[in-house]
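Here are the chains, one letter per residue:
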Amino acid sequence: MHDASQTIKITIFDTTLRDGELALKRKLTVEQKIRLAMILDEMGVDAIEVGYPGACHKDRDEIFMVSQQVKHSTICGLASSQPDEIAAVASALKPAVRGRINVFTPIGIQSNITASEVLETIQSSVSLARNYCQDVEWSAFDATRCHPDLLCKAVETAIKSGATTIAIPDSLGVASPIEFSHLIETVMHRVPNIDSCTLAVHCHDDRFLAVDNSLAALDVGARQIECSINGLGVRAGNADLAKVVEAISNHSTYYTSIDCSWLKVASEMVSQFTAGSL
Ligand SMILES: CC(C)[C@@](O)(CC(=O)O)C(=O)O
């Protein structure tokens, strides 16, 4: 429950089953994914990212089977800009009550393609995803190590191509809260069509700042936080969902739809699934 002053809803996007699973030596089974997804759905998580078929073949069937079971949360699958990956996620989402394709494009300093090639890739992959699905997220992989001019152009292009959510990840966990919120503020100010999407953040915990960075971004306009149970995720992990949600529940203006009484059950379930596998 939230009180009357808490008027701004923050969407919670859980990626335990996708980014979290990447951290495991022994992958999750489909039964485990379904069990956790049912808890996340019951808990009130807005979106559940279940897998990345482009990197792990079994994830396609897992997205399909979780989509058959979950009735409230949006089910999400990750794809690169490759058309076959986008098609695989789209077909896996067929049984979903609500489905979302999350398309990512590398735009950081490591990416060795030109700016115009990046923009073309975004345009074609997001439009393709949008032909399959009304709900499309575009993630700017390595956004915190990219030139802000390119980031702003890329975000504008993704929105024009049909993305309804834009995620700004700190993929390698390099940013501080001031740097990260400044980057989000730049995007909010400089992208002309930014109001027609939900801005999301996806932070990694390499500097133990994933939760702080995510929360700092709210005050400059971010409205979705991507996080995971127990902070499970590659390297140091993602932002811990329970910490994000507890912090927001004590905030004067923001609220989430999470029922905190489920946090302990979810955390214990993930600890049990990952025991000996980290
Ligand atoms: C897809 C994207 C949000 C990503 O999760 C990609 C990834 O690390 O797999 C990131 O952290 O940049």
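Here the structure is a predicted model, which is why all the values come from computation and not from measurement.

Reading the values: rules and limits
- Residues numbered from 1 in each chain as written.
- Predicted model: local features only at pLDDT ≥ 70, side-chain atom pairs only at ≥ 80, totals over all residues.
- Heavy atoms only, no water.
- Helix = DSSP H or I, 4+ residues; strand = E, 2+ residues; numbered from the N terminus.
- Rg over C-alpha atoms; globule rule 2.2 N^0.38 Å.
- Buried < 20%, exposed > 50% of the residue type's maximum accessible area, 1.4 Å probe, protein only.
- Contact = heavy atoms within 4.5 Å.
- Lys, Arg positive; Asp, Glu negative; His and termini not counted.
- Charge placed at Lys NZ, Arg CZ, Asp CG, Glu CD.
- Salt bridge = Lys/Arg side-chain N within 4 Å of Asp/Glu carboxyl O.
- Polar contact = N/O pair within 3.5 Å; in protein donor to acceptor, adjacent residues only side chain to side chain.
- Core = buried A, V, L, I, M, F, W, Y, C linked by side-chain atoms within 4.5 Å.
- Pairing = 2+ DSSP bridges.
- Axes fitted to C-alpha atoms, helices over the stretch in contact; angles between N-to-C directions.
- Right-handed = clockwise from strand over helix to strand, strands pointing away.
- Near = heavy atom within 4 Å.
- Areas by Shrake-Rupley, 256 points an atom, 1.4 Å probe, with all protein chains shown as cover.
- Nonpolar A, V, L, I, M, F, W, Y, C, P; charged D, E, K, R; others polar.
- Parallel < 35°, antiparallel > 145°, perpendicular 65-115°, else oblique.
- Left-handed = near helix turned anticlockwise from the far one by under 90°.

Draft legend 1. How the structure looks around the overall build of the chain. Looking only at helices and strands, one finds 10 helices and 10 strands in the chain. Its C-alpha atoms give the chain a radius of gyration of 17 Å, within 12% of the compact-globule value 19 Å for 278 residues. Seen through its principal axes, the chain has C-alpha atoms that stretch 45 × 45 × 35 Å. Taken across its 278 residues, the chain has 56% of its residues classed as buried. Contacts in the chain between residues at least 24 apart in sequence constitute 78% of all its contacts with a sequence separation of at least 6. With 23 positive and 34 negative side-chain charges, the chain shows a separation of 4 Å between the mean positions of the two kinds.

Draft legend 2. Focus on the side chain of Asp 14. Structurally, Asp 14 is set in strand E2 (residues 11–14). No salt bridge forms around the buried Asp 14; measuring N to O, its nearest opposite-charge neighbour Arg 18 is 9.7 Å away. In terms of polar contacts, Asp 14 uses its side chain to reach the side chain of Thr 16, at 2.8 Å. Excluding its chain neighbours within four sequence positions, the residues that come into contact with Asp 14 are Leu 40, Val 45, Ala 47, Ile 48, Glu 49, Cys 227, Ser 228, Ile 229 and Leu 241.

Draft legend 3. Spatial organisation of the nonpolar core. If you look at the biggest cluster of nonpolar residues, it comprises 82 residues, and the most contacted ones within it are Met 43, Trp 138, Leu 151, Val 155, Ile 166 and Ile 168. Ignoring any residue separated from it by four or fewer positions in sequence, one finds Leu 151 in contact with Ile 107, Ala 140, Ala 143, Cys 146, Ile 168, Leu 183 and Val 187.

Draft legend 4. Representation of the sheet that holds strand E3 (residues 47–51) in the model. Ordered by their spatial adjacency, eight strands build a closed barrel running E2-E3-E4-E5-E6-E7-E8-E9, and the pairing between neighbours is parallel. Ignoring strand direction, the axes of neighbouring strands in this sheet form an average angle of 25 degrees. Relative to strand E9 (residues 224–227), strand E8 (residues 198–203) runs parallel, the two sharing three bridges. Paired with Ala 200 across the two strands is Gln 224, which belongs to E9.

Draft legend 5. Highlighting the pairing of strand E4 (residues 74–79). Counting buried positions over the six residues of E4 gives six, a clear majority of the element. Across the two faces of E4 the burial is the same, with Thr 74, Cys 76 and Leu 78 and Ile 75, Gly 77 and Ala 79 all buried. Bridge count between E3 and E4: four bridges; the pairing is parallel. Opposite Ala 47, over in E4, you have Thr 74 as the bridge partner. Handedness of the E3-helix H3 (residues 58–69)-E4 crossover: right-handed. Judged from the five bridges that link them, E4 and strand E5 (residues 99–106) form a sheet pairing that is parallel. Within the sheet, the bridge partner assigned to Leu 78 lies in E5 and is Asn 102. Following the backbone out of E4, through helix H4 (residues 83–92) and into the adjacent parallel E5, one traces a crossover that is right-handed.

Draft legend 6. Spatial organisation of the site of the ligand. In the vicinity of the ligand, the contacting residues are Arg 18, Asp 19, Leu 78, Ser 139, Phe 141, Pro 169, Ser 171, His 202 and His 204. Within the side chain of Ser 171, an N or O atom sits 2.5 Å from an oxygen atom of the ligand. Between the ligand and the protein, one listed contact pairs an oxygen atom with a side-chain N or O atom of His 202 at 3.1 Å. Isolated, the ligand exposes 320 Å² of accessible area, and the fraction of that covered by the protein chains is 90%. Among the elements of the structure, helix H1 (16–22) and strand E6 (136–141) are those that each provide at least two residues to the shell around the ligand. The residue makeup of the shell around the ligand, split by class, is three nonpolar, four polar and two charged.

Draft legend 7. Spatial organisation of the packing of helix H7 (residues 177–190) against helix H8 (residues 210–218). At their nearest, the axes of H7 and H8 sit 8 Å apart, and the two run at 40 degrees to each other. Considered as vectors, H7 and H8 are oriented oblique to each other. Handedness of the H7/H8 crossing: right-handed. Within the contact between the two elements, H7 uses Pro 177, Phe 180, Ser 181 and Ile 184 and H8 uses Asp 212, Asn 213, Ala 216 and Ala 217. Classifying every residue of the contact of H7 with H8 gives five nonpolar, two polar and one charged.

Draft legend 8. Main features of the side chain of Ser 171. By the element assignment, Ser 171 lies in the loop between strand E7 (165–170) and H7. A polar atom in the side chain of Ser 171 sits 2.8 Å from the backbone nitrogen of Asp 142.

Draft legend 9. Representation of the environment of Leu 78. Structurally, Leu 78 can be placed in strand E4. In the structure, Leu 78 is positioned 23 residues away from Ala 55 in sequence and 9.4 Å away in space, judged by C-alpha atoms. For Leu 78, the contacting residues outside a window of four places in its chain are Arg 18, Glu 49, Gly 51, Tyr 52, Pro 53, Val 89, Asn 102 and Phe 104.

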